[in-house]
Amino acid sequence: MTDSEFNAAVQEGAGYKRLEANHHFNAMAIEHLADRQLIELIEMGQRELDTRHGMNRRDLTCPNCGRGDYFRLRVSTPTTLLSGSRPYLEDDDQDNFAWGADRSCTCVHCDHEGPVLDFLPTVQKQ
Ligand SMILES: [Zn+2]
């Protein structure tokens, strides 16, 4: 969206918040950011998502089949890495699994896959 298209849409007043958000998103030139700035951008987005939707939500429901009892999730957890070995989890790290709305989720019943966000009951579907 060009600036003139954005201004015209704003003057029309329709969907202003969404247009404004899209305008700011499209204006980002992430290819010009330094690596540390990219990390900061990712962390800022992660914090915002976690604030909006919480962490480690267990009230998931498959948007395809409606089941809510069996999912496969990609999680984050601390690991130990020794030179020349595979990363491994220590026994007491089992409580450190974490997931947020951005993590990949698959319904084991119907193989529907998407971000956890799509499986949250409180999120308005767009
Ligand atoms: Zn399903």
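The notes below deal with the structure included here. (Residues numbered from 1 in each chain as written. Predicted model: local features only at pLDDT ≥ 70, side-chain atom pairs only at ≥ 80, totals over all residues.)

## Focus: the overall build of the protein
Broken down by element type, the protein carries three helices and three strands. Written out in order from the N terminus, the α and β elements of the protein read α-α-α-β-β-β. (Helix = DSSP H or I, 4+ residues; strand = E, 2+ residues; numbered from the N terminus.)

## Side note on helix H3 (residues 35-53)
Since the α-helix turns once every 3.6 residues, residues separated by three or four places project in the same direction. Its 19 residues give H3 an end-to-end C-alpha distance of 27 Å, which sits within 8% of 27 Å, the value for a rise of 1.5 Å per residue. H3 sits mainly on the outside: zero of its 19 residues count as buried. Taken from the residues just after H3, Gly54 is the one with a positive phi, measuring 80°. (Expected span 1.5 Å × (residues − 1). Buried ≥ 20, exposed ≤ 12 C-beta atoms within 10 Å, placed from the backbone.)

## Details of the pairing of strand S2 (residues 104-107)
Of the two faces of S2, the one lined by Cys105 and Cys107 is fully buried and the one lined by Ser104 and Thr106 carries no buried residue. Summarising the sheet, strand S1 (residues 71-73) and S2 pair through three bridges and their orientation is antiparallel. Paired with Arg72 across the strands is Thr106, a residue of S2. As paired elements, S2 and strand S3 (residues 113-115) share three bridges and run antiparallel to each other. Bridge pairing links Cys105 to Gly114 in S3. Where S2 folds back onto S3 in an antiparallel hairpin, the turn is made up of five residues, including Asp111, whose phi is positive at roughly 65°. (Pairing = 2+ DSSP bridges.)

## Brief notes about the sheet that holds S2
What links the strands of a sheet is backbone hydrogen bonding, and the strands pair in either a parallel or an antiparallel sense. Pairing is antiparallel in the open sheet, where three strands are placed in the order S1-S2-S3. Edge positions in the sheet fall to S1 and S3, since each of these pairs with one other strand and no more. In this sheet, neighbouring strand axes are inclined to one another by 25° on average, regardless of whether the strands run parallel or antiparallel. (Axes fitted to C-alpha atoms, helices over the stretch in contact; angles between N-to-C directions.)

## Points about helix H2 (residues 16-27)
Given a rise of 1.5 Å per residue, twelve residues ought to cover 16 Å, and the 16 Å separating the end C-alpha atoms of H2 matches this to within 8%. For H2, a buried count of zero out of twelve residues is recorded, marking the element as mostly open to its surroundings.

## As for the environment of Pro63
Note that Pro63 resides in the loop between H3 and S1. Put simply, Pro63 and Gly114 are 51 residues apart on the chain and 9.6 Å apart in space, counted from C-alpha to C-alpha. If near-sequence neighbours (up to four positions away) are discounted, Pro63 is found in contact with His112, Asp118 and Phe119. (Contact = placed C-beta atoms within 7 Å.)

## A word on the environment of Tyr70
Mapped onto the elements, Tyr70 comes out in the loop between H3 and S1. Tyr70 has contacts with Val108 and His109, leaving out every residue within four places of it along the chain.

## Looking at unusual backbone geometry
A positive phi angle, close to 55°, is found at Asn56, a residue other than glycine. Within the secondary structure layout, Asn56 lies in the loop between H3 and S1. Judged by C-beta crowding, with 12 C-beta atoms within 10 Å, Asn56 ranks as exposed. Even without being a glycine, Asp111 presents a positive backbone phi close to 65°. Of note, Asp111 is situated in the loop between S2 and S3.

Purely geometric stuff here, so don't read any function into it on its own.
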